[in-house]
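Examining the three-dimensional arrangement
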Amino acid sequence: MRVFASVVLAAAVAMSSSVMAQWPTFKTPNVPRNADGTVNLAAPAPKTADGHPDFSGVWAAAGGGGGGGGRGRAAAPGGAPPAAGAAAAAPAAGAPAGVAPGRGNGGGQAPGRGNAARGAGGPGGGAPGGGGRGRGNQGPPFTEGPPIAQFFNVGGGLEGGSAPMTPWAAELKKQRAADNAKDNPDAHCLPIGFTQFHTHPQPRKILQTPSEVAIIYESNYGLREIYTDGRMPPPPSDQDVAPWWYGYTVGKWEGDTLVATTTHIRDGMWLDVNGTPLTDQATVVEKFRRPVFGNLEIDITFTDPKAFTKPFTVRVNQRLMVDTDLIEFICNENEQSSKHYEK
């Protein structure tokens, strides 16, 4: 399981306190704070000038991710200061193989429920067990929703503990596991899959303008662009459109929900560490909501007739991180892992 170990080790190094000393101490502006300086995560979500929810900020995965952490600051609802606590442990290599449905390796939830606030962890405002910097504190409960996506197994919370794969996809995932996930793009410093990015222990930053929402992932320095300027996606029949790692994503507003639809995805993608496939026949629809200041909820529906017998939907919950920022992460710098992969 050398590749699993490499993925977990890389995340652990990035989350360690020794690499936190990047910027001098600062406070995030325009954040609702209580009298004691803690953040009111239950405050109303901010709005942009055109009246839409503003998703801008640094976000930590709050459920279904990897190891523990403690970067960033946040507050429990009602103004309680952050409670000190031990960070959750990173998942053991290969642990997801026998995971029970509805339980993420870092504290996933039962099917059909969003990640509710729970006990103390690292000082960052996420639910404990979510993994990574900024996970741990109590916060406003997330709304009811689809099963929680898991870092190692996107469909772990679904009935049967797996995405509804076709026989071809199930066999491919089995082969990827037999190869110790050595071909996971993350293990080669390449762009990683949708839900692996969304649930990764390392945080992500969202920048929002009237015409575009950009997501910068600290992991592998991933960058996704969701265009909200009214453009149409490339037609499915256009064979001259080059498929992209992240596909082509256009977004539209439905009330306070941003609906982002992605097509023309590169073939051979991995949705999670364990290798759930996604092919060039896929359409991915993400619904972004920010019901309160400190919570971001993303419901993701995957439709891929080659990989899945039917569409399925999972939830990703994220918690706001403040008084912190992304750190530089250059995957290929002094990369020493791949030479140990089993050929």
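So, a few notes on the structure that sits alongside this text. What you see is a predicted model; the values in this text were computed from it and never measured. (Residues numbered from 1 in each chain as written. Predicted model: local features only at pLDDT ≥ 70, side-chain atom pairs only at ≥ 80, totals over all residues. Heavy atoms only, no water.)

Thoughts on the pattern of salt bridges
Definition in use: Note on definitions: salt bridges are taken to be side-chain nitrogens of Lys or Arg within 4 Å of carboxyl oxygens of Asp or Glu. In DSSP terms, a helix is any run of H or I states spanning at least four residues, a strand is any run of E spanning at least two, and both are numbered starting from the N terminus.
In the structure shown here, the tally under the stated rule is twelve salt bridges. Here R289 ties to D299 by a salt bridge, and the two come within 2.7 Å at their closest N and O atoms. Of the two residues, R289 sits in strand 9 (residues 283–289) while D299 sits in strand 10 (residues 295–303), which places them ten residues apart along the sequence. Here D299 makes a salt bridge to R315, at a shortest N to O gap of 2.4 Å.

A word on helix 2 (residues 167–178)
Using the following cut-off: Helix span is expected to be 1.5 Å times the residue number reduced by one. Note on definitions: a residue-residue contact is assigned when non-hydrogen atoms from the two residues lie within 4.5 Å.
Taking 1.5 Å as the rise per residue, helix 2 with twelve residues should run 16 Å; its terminal C-alpha atoms sit 16 Å apart, in good agreement. Each element contacted by the buried residues of helix 2 is listed here: strand 7 (269–270) and strand 8 (277–278). N180 sits one or two residues past helix 2 and shows a positive phi near 60°.

A look at the packing of aromatic side chains
Rule in force here: Aromatic pairing here means that ring centres of Phe, Tyr or Trp (its six-membered ring) are within 6.5 Å. Orientation follows from the plane angle: under 30 degrees is stacked, over 60 is edge-to-face, and everything else is tilted. Think of it in three bands: with a 1.4 Å probe and only protein chains considered, a residue is buried below 20% of the maximum accessible area for its type, exposed above 50%, and partly exposed in between.
Overall, the coordinates contain eight aromatic pairs when judged by the stated rule. Taking 6.1 Å as the distance between ring centres and 40° as the angle between the ring planes, the aromatic pair formed by F55 and F288 counts as tilted. Within this pair, whereas F55 is found in the loop between helix 1 (2–15) and strand 1 (57–61), its partner F288 is found in strand 9, the two being separated by 233 residues in sequence. F288 shares its class with F55; the two are buried. Considering the side-chain rings of F197 and Y217, the 4.2 Å spacing of their centres and the 20° angle between planes classify their relative orientation as stacked. Of this pair, F197 sits in helix 3 (residues 194–198) while Y217 sits in strand 3 (residues 212–217), and the two are 20 residues apart along the sequence. Here the aromatic cluster, defined as three or more aromatic residues joined through ring pairs, consists of F55, W253 and F288.

Here's the deal with the pairing of strand 2 (residues 204–208)
Note the cut-off: Here the rule is simple: two strands pair whenever DSSP picks up at least two bridges between them.
Here strand 2 shows a clear split, with R204, I206 and Q208 buried on one side and none of K205 and L207 buried on the other. Relative to strand 2, strand 1 runs antiparallel, the two sharing three bridges. From the neighbouring strand, W59 faces strand 2, where its bridge partner is R204. Both strand 2 and strand 3 contribute to a ladder of five bridges, which runs antiparallel. Residue pairing across strands places K205 opposite I216, the latter belonging to strand 3. Counted along the chain from strand 2 to the antiparallel partner strand 3, the turn is three residues long.

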